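Summary of the model geometry
In case you want the letters, here they are:
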Amino acid sequence: MIALIFDMDGVIIDSNPLHRQAWAAFNRRYGLETTEAMQRRMYGKRNDQIVRDYFGEGISPEEVDARGRAKERLYREMLTGRTEEMLVPGLRAFLERYRDLPMGVGSNAEPENIALVLDETGLRRYFRAVVDGHQVRHAKPHPEVYLRVAELLETDPAECVVFEDSHSGAAAAVAAGMRVIGISTTDDNLSGTSITIDNFRSGDLDLWLQAQIRPV
């Protein structure tokens, strides 16, 4: 039986526009204007990676952690009460159709962000495993996040299908030996994907997925 693994930002919830707003507002506290190139580099990265990219390698690990947490508090303030409207179209119905398959979440995101989304929307019940960026040593594009989800789902990586929206996330899934479905919320030209869809309402998605499901 195959397992389905979902990134969060850009896959479960179309949150990258809000992350952009939050980073821009946060960086202004330090007199830093956030360029489009900086925003593009943010996608799919863990906060420690982003903070060092934006503010340089010279700041201490403690300050990296403090700035990352402060930005995410700002983001959650902006997100609270809006999670349902920001779900990627068709996701809830898709999860219900395939609820009998093992499903998990693998994200570089902060655990508090994942908890807010899954609990406020009531989607946590669909996922047998949830791995965040603080549960692994290496963030995406390293495959550790996805390999850990597969381990918790007790599924061979080759039998896992990952939904991703970013280059670093797709690279992580490919490195883990998994098949990748691209979601074009963030980028529609990801390397290594089997198919690319706009959202979970895509008829092509169901056709492709049904072809992968083998009888037990």
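Parameters at a glance
- Residues numbered from 1 in each chain as written.
- Predicted model: local features only at pLDDT ≥ 70, side-chain atom pairs only at ≥ 80, totals over all residues.
- Heavy atoms only, no water.
- Helix = DSSP H or I, 4+ residues; strand = E, 2+ residues; numbered from the N terminus.
- Buried < 20%, exposed > 50% of the residue type's maximum accessible area, 1.4 Å probe, protein only.
- Pairing = 2+ DSSP bridges.
- Right-handed = clockwise from strand over helix to strand, strands pointing away.
- Expected span 1.5 Å × (residues − 1).
- Contact = heavy atoms within 4.5 Å.
- Axes fitted to C-alpha atoms, helices over the stretch in contact; angles between N-to-C directions.
- Parallel < 35°, antiparallel > 145°, perpendicular 65-115°, else oblique.
- Left-handed = near helix turned anticlockwise from the far one by under 90°.
- Nonpolar A, V, L, I, M, F, W, Y, C, P; charged D, E, K, R; others polar.

Below, the discussion takes up unusual backbone geometry. Looking along the chain, the bond that leaves Lys140 and enters Pro141 is cis, with omega of 20°. Even without being a glycine, Glu154 presents a positive backbone phi close to 55°. Relative to the helices and strands, Glu154 is located in the loop between helix 8 (144–153) and strand 4 (160–164).

Moving on, we come to the pairing of strand 5 (residues 179–183). Among the five residues that make up strand 5, five are buried, leaving the element largely enclosed by the rest of the structure. Where burial is concerned, the two faces of strand 5 agree: the one with Arg179, Ile181 and Ile183 and the one with Val180 and Gly182 are both buried. For strand 4 and strand 5, the ladder comprises four bridges, and the chain directions are parallel. Pairing of Val162 across the sheet is with Val180, part of strand 5. In this region the chain leaves strand 4, passes through helix 9 (residues 167–175) and returns to the parallel neighbour strand 5; the handedness of that crossover is right-handed.

Attention now moves to helix 4 (residues 61–79). An α-helical segment advances 3.6 residues per turn. Residues three or four places apart therefore align on the same side. Taking 1.5 Å of rise per residue, the 19 residues of helix 4 would be expected to cover 27 Å, and the 27 Å separating its terminal C-alpha atoms lies within 8% of that figure. Residues of helix 4 that are buried include every one of Val64, Arg67, Gly68, Ala70, Lys71, Glu72, Leu74, Tyr75, Arg76 and Leu79, and no others. The inward-facing, buried residues of helix 4 contact helix 1 (16–28), helix 3 (47–55), helix 5 (83–86) and helix 7 (111–121). In the stretch just after helix 4, Gly81 is the one whose phi turns positive, near 90°.

Taken N-terminus to C-terminus, the directions of helix 4 and helix 7 make an angle of 15°; their axes are 10 Å apart at the nearest point. It follows that helix 4 is roughly parallel to helix 7 by the angle criterion. Handedness of the helix 4/helix 7 crossing: right-handed. Contact residues: Arg69, Glu72, Tyr75, Arg76 and Leu79 in helix 4; Glu112, Asn113, Leu116, Val117 and Glu120 in helix 7. Its residues assigned to classes, the contact of helix 4 with helix 7 comprises four nonpolar, one polar and five charged.

What follows is about the environment of Pro17. Relative to the elements of secondary structure, Pro17 occurs in helix 1. Residue Pro17 is classed as partly exposed on the basis of its relative accessible area of 45%. Residues Pro17 and Gln39, 22 residues apart in the sequence, show an inter-C-alpha distance of 9.7 Å.

A few words on the sheet that holds strand 4. Across the sheet, which stays open at both edges, the six strands sit in the order 3-2-1-4-5-6 with parallel pairing between neighbours. Of all strands in the sheet, those with a lone pairing partner are strand 3 (129–131) and strand 6 (195–197), marking the two edges. The average undirected angle you get between the axes of adjacent strands in this sheet is 20°. Of the pairings in the sheet, the one linking strand 1 (residues 3–6) to strand 2 (residues 103–106) comprises three bridges and is parallel in character. Bridge pairing in strand 2 links Ile5 to Gly104.

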